[in-house]
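# Structural characterization, general
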2 protein chains.
Amino acid sequence: MLKSYLREKRELIDKNIEIYLNKLEYPTVIAEGMKYSVLNGGKRLRPILLLMILELYGKSLELGLPTAVAIELIHSYSLVHDDLPALDNDEYRRGKLTTHKKFGEAEAILIGDALLTHSFSIVTDETKDVSSDKLVKIIGKISRYSGVNGMIGGQMIDIESEKKLVSFDTLKYIHTNKTGKLIKLPVEIGTIICESSQDEFKALSKYAELIGLAFQIKDDILDIEGDFEKIGKPVGSDVELEKTTYPSLFGMEESKKILKSTIDQAKEVLNIFDKEKIENFILLAEYIGYREN
Amino acid sequence: MLKSYLREKRELIDKNIEIYLNKLEYPTVIAEGMKYSVLNGGKRLRPILLLMILELYGKSLELGLPTAVAIELIHSYSLVHDDLPALDNDEYRRGKLTTHKKFGEAEAILIGDALLTHSFSIVTDETKDVSSDKLVKIIGKISRYSGVNGMIGGQMIDIESEKKLVSFDTLKYIHTNKTGKLIKLPVEIGTIICESSQDEFKALSKYAELIGLAFQIKDDILDIEGDFEKIGKPVGSDVELEKTTYPSLFGMEESKKILKSTIDQAKEVLNIFDKEKIENFILLAEYIGYREN
């Protein structure tokens, strides 16, 4: 049931990504590179979370679709730049050549820059029926959560932490910022659009934090126990880079216990909402923890 | 007189860049790298243009300072990424090591990303007394003019055009987008804040277009006739990269004629305003055309 829900939402997101990006034509390599980098069979977890909040409050999905796409563009740009030779130097992502392998390195840098830049004009130019006051708040949050005190900060400390054993505090900083902030972002933007109460905001933001953490722990586990065919990238790259991970700090058995407890917390924290309204949130938390890719 | 005016404004801009960027501390390499890349003795032409529009309409400079700084951050990020080994591979800028030479290549990619991202939160979080409706328009324009249909597009075609003779149309596309859009941007944002009439908007936007073109032609000329000590980078790099430029297409003498005529047009186009109010705009057009760096 969750699977068909996720597929339906993913298709809606993908359709809108295409609609927005198909408006771009020139320079061809940038326009094509942007589409290639975003339309890659991604799970669309971040944009789907925004749509789920809108549904929770019975709002039209149209209100959030441009912002949902914008967040996915930011996620995609971060992957394009992370994959570059100077950073992770990855040749494949989801079984496809990475953007710099396909289009060239200079091109990939500019394609990433273009995705990041364009995400803001999708929010301002494509959003209908959301007040300017809310849009300014949304844009501020996008910028803060994906910037130096958010995703980019996490990415920088992640790179600095390669080939050394780091403390649990540093690992938490990396997870909170590199992956966590961009999962919190769509949820908190949803609460801006829907004008959630303070209690609802706290519960939803905490839920996002917990599934973000679960997502990361599961990623660490998959890097050891995963299947190349399913995860679409080489297994064991964390070990090779001597990265500190949950399994390297706590061992595999304990990591799986922490994962389970994190998912359990995520399922509990939304109990201020009617049970039937949060069914998909519960299923999503489980899916994130027990996914195979 | 213009010189002391520009110095005063430059100091105001630099002070505000420091105030905003000093709020950032961690990760240290990103925070320091952002300051290093922006606080580099730049002319601050783009932010000053925004302040000049505010003065033209007798508005408080405070209204535009955050956006002026944001535009300078975007200009700076574009230079950080342009200088990377995969793009122009420059080691020096203004006589100082380029960002990747100083901080490393992965770091420079992320420092550039952080500057671009942070520019949007400076606009949303630091601006006072500008309506949300105007801010949304401003942010949309920033994104469009610096993105795939603006600065990044121009940069891409510029790279593609190295080592080949390109048409005058292609050269115009590069100039209009790579340099031109980011000079038009602060002027047009000024007209949003000041609620210019349609005629005033047209005149000011045309002025910006013409000084942007003059700036580029002068750059091409300086690359041949300039002085390393003054321009802070090696002379002749366009020739080395076999770039199409005004001098390569039209010869030096004709290029200087086109430069003069462009500046003359820029001075004329503002004649719908009171003469004493546009004095600095006239002087600035001349300065751009006859500068030595």
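Residues numbered from 1 in each chain as written. Chains lettered and ligands numbered in written order. Predicted model: local features only at pLDDT ≥ 70, side-chain atom pairs only at ≥ 80, totals over all residues. Heavy atoms only, no water.

## Side note on the overall build of chain A
When helices and strands are tallied, chain A shows 15 helices and two strands. In chain A, which comprises 293 residues, the share counted as buried stands at 60%. Pairs at least 24 apart in sequence give 74% of the contacts found in chain A among residues at least 6 apart. Put simply, chain A shows about 12,000 Å² of open surface, and 48% of that area lies on carbon and sulfur atoms. Averaged over its 40 positive side-chain charges, chain A has a centre that lies 2 Å from the centre of its 48 negative ones. (Helix = DSSP H or I, 4+ residues; strand = E, 2+ residues; numbered from the N terminus. Buried < 20%, exposed > 50% of the residue type's maximum accessible area, 1.4 Å probe, protein only. Contact = heavy atoms within 4.5 Å. Areas by Shrake-Rupley, 256 points an atom, 1.4 Å probe, with all protein chains shown as cover. Lys, Arg positive; Asp, Glu negative; His and termini not counted. Charge placed at Lys NZ, Arg CZ, Asp CG, Glu CD.)

## Re the nonpolar core
Membership of the largest hydrophobic core comes to 181 residues, with the highest contact counts inside it found for A:Ile30 and B:Ile30. With sequence-adjacent residues up to four places away left out, B:Ile30 is seen in contact with A:Val148, A:Ile152, A:Met156, B:Leu110, B:Ile111 and B:Ala114. (Core = buried A, V, L, I, M, F, W, Y, C linked by side-chain atoms within 4.5 Å.)

## Quick notes on the pattern of salt bridges
Residues and elements named next belong to chain A. The final tally for this structure, using the stated rule, is 38 salt bridges over all chains. In this structure, the salt-bridge partner of Glu72 is Arg44, at a minimum N-O distance of 2.8 Å. Highlighted residues: Glu72 in helix α4 (residues 65-82) and Arg44 in the loop between α2 (28-38) and α3 (45-56), separated in sequence by 28 residues. For the pair Glu72 and Arg44, a shared accessibility class is recorded, and that class is buried. A single network of salt bridges, built from pairs that share partners, joins Glu8, Lys9 and Glu55. (Salt bridge = Lys/Arg side-chain N within 4 Å of Asp/Glu carboxyl O.)

## Describing the interface of chain A and chain B
Between chain A and chain B, the residue contacts involve 45 residues of the former and 45 residues of the latter. Both faces combined, the contact of chain A with chain B buries some 3,900 Å², and carbon together with sulfur accounts for 74% of it. Of all residues in chain A, A:Tyr26, A:Thr117 and A:Val148 give up the largest surface area on contact with chain B, accounting jointly for 15% of the area buried on that side. Scanning the region where chain A abuts chain B turns up two salt bridges. Ionic pairing is found between B:Arg144 and A:Asp125, a salt bridge with its closest N-O pair at 2.8 Å. The set of elements that each furnish at least two residues to the side of chain A that touches chain B consists of α2, α4, α6 (105-126), α7 (132-146) and α8 (151-160) of chain A. It is α6(A) that contributes the most residues to the side of chain A that touches chain B, 14 residues altogether. Residues belonging to the side of chain A that touches chain B are distributed by class as follows: 25 nonpolar, 13 polar and seven charged. (Buried area = accessible area lost by both parts, 1.4 Å probe. Nonpolar A, V, L, I, M, F, W, Y, C, P; charged D, E, K, R; others polar.)

## Digging into the packing of helix α9 (residues 168-194) of chain A against helix α10 (residues 198-225) of chain A
All names here are of chain A. Two elements in contact, α9 and α10, have axes separated by 8 Å at closest approach and are oriented at 145 degrees. For the element pair α9 and α10, the recorded crossing hand is right-handed. Across the interface between the two elements, His175, Thr179, Ile183, Lys184, Val187, Glu188 and Thr191 from α9 touch Phe201, Leu204, Ser205, Ala208, Glu209, Ile211, Gly212, Leu213, Phe215, Gln216 and Asp220 from α10. For the contact of α9 with α10, the class distribution of residues is eight nonpolar, six polar and four charged. (Axes fitted to C-alpha atoms, helices over the stretch in contact; angles between N-to-C directions. Left-handed = near helix turned anticlockwise from the far one by under 90°.)

## Details of the packing of aromatic side chains
According to the stated counting rule, one finds 15 aromatic pairs over all chains in the structure shown. Plain terms: the ring middles of A:Tyr26 and B:Tyr173 are 5.0 Å apart, the flat faces sit at 85 degrees to each other, and that makes the pair edge-to-face. Here A:Tyr26, found in the loop between α1 (2-21) and α2, pairs with B:Tyr173, found in helix α9 (residues 168-193), and the two come from separate chains. Here the aromatic rings of B:Tyr207 and B:Phe281 are separated by 5.5 Å at their centres, their planes lie at 75 degrees, and the arrangement is edge-to-face. One end of the pair, B:Tyr207, is in helix α10 (residues 198-225); the other, B:Phe281, is in helix α15 (residues 279-290), with 74 residues separating them in the sequence. Grouping residues by exposure puts B:Tyr207 and B:Phe281 together as buried. An aromatic cluster is defined as three or more aromatic residues linked by ring pairs; in this entry it consists of A:Phe168, A:Tyr246 and A:Phe250. (Phe/Tyr/Trp six-rings, centres within 6.5 Å; stacked < 30°, edge-to-face > 60°.)

## Comments concerning the relation of the copies chain A and chain B
Superposition of chain A onto chain B requires a rotation of 180 degrees combined with a translation of 0.0 Å along the rotation axis, giving an RMSD of 0.0 Å. Such a combination of turn and shift is consistent with a two-fold rotation axis. In terms of proximity to the rotation axis, the leading residue of chain A is A:Ser132, whose C-alpha is 2.6 Å off the axis. Comparing interface residues between copies, 100% of those in chain A also lie at the interface in chain B; the contact surface is shared. (Least-squares fit on C-alpha atoms with pLDDT ≥ 70 in both.)

## What about α9(B)?
Residue and element names in this part refer to chain B. An ideal rise of 1.5 Å per residue puts 38 Å on 26 residues; α9 measures up with 35 Å between its terminal C-alpha atoms. Considering bend angle alone, the principal kink of α9 is centred on Gly180 and spans about 55 degrees. Across the 26 residues of α9, 19 count as buried, placing the element largely inside the fold. Looking at the residues trailing α9, positive phi occurs at Glu195, about 50 degrees. (Expected span 1.5 Å × (residues − 1). Bend = angle between axes of the 7 residues up to and from the residue.)

## Looking at the packing of α6(A) against helix α6 (residues 105-126) of chain B
Where α6(A) meets α6(B), the closest approach of the two axes is 10 Å, and the angle between their N-to-C directions is 20 degrees. One finds that α6(A) runs roughly parallel with respect to α6(B). The handedness of the crossing between α6(A) and α6(B) comes out as right-handed. Residues A:Glu105, A:Asp113, A:Leu116, A:Thr117 and A:Phe120 of α6(A) form the contact with α6(B), whose own contacting residues are B:Glu105, B:Asp113, B:Leu116, B:Thr117 and B:Phe120. Considered class by class, the residues forming the contact of α6(A) with α6(B) number four nonpolar, two polar and four charged. (Parallel < 35°, antiparallel > 145°, perpendicular 65-115°, else oblique.)

## Here we look at the confidence of the model for chain A
With 97% of its residues at a pLDDT of 70 or more, chain A shows a mean pLDDT of 94. Scored by ipTM, the complex comes to 0.95, with pTM at 0.96. (pLDDT = per-residue confidence, 0-100.)

## What to know about helix α14 (residues 252-268) of chain A
An α-helical segment advances 3.6 residues per turn. Residues three or four places apart therefore align on the same side. Residue and element names in this part refer to chain A. With 17 residues, α14 should reach 24 Å at 1.5 Å per residue; the first-to-last C-alpha distance of 25 Å fits that figure. Of the positions making up α14, those classed as buried are Ser255, Leu259, Thr262, Ile263 and Ala266. All buried residues of α14 fall inside an arc of 95 degrees around its axis, so they share one side. Set apart from the buried face of α14 by more than 90 degrees, the exposed residues are Glu253, Lys257 and Glu268. Contact partners of the buried residues in α14: α10, α13 (246-250) and α15 (279-290). (Arc of directions from axis to C-beta.)

## Observations concerning the side chain of B:Asp220
Residue and element names in this part refer to chain B. Residue position: Asp220 is located in helix α10. It is Lys243 that comes nearest to the buried, bridge-free Asp220 among opposite-charge side chains, at 7.7 Å. Beyond its immediate sequence surroundings of up to four residues, Asp220 is in contact with His175, Asp238, Thr245, Tyr246 and Pro247.

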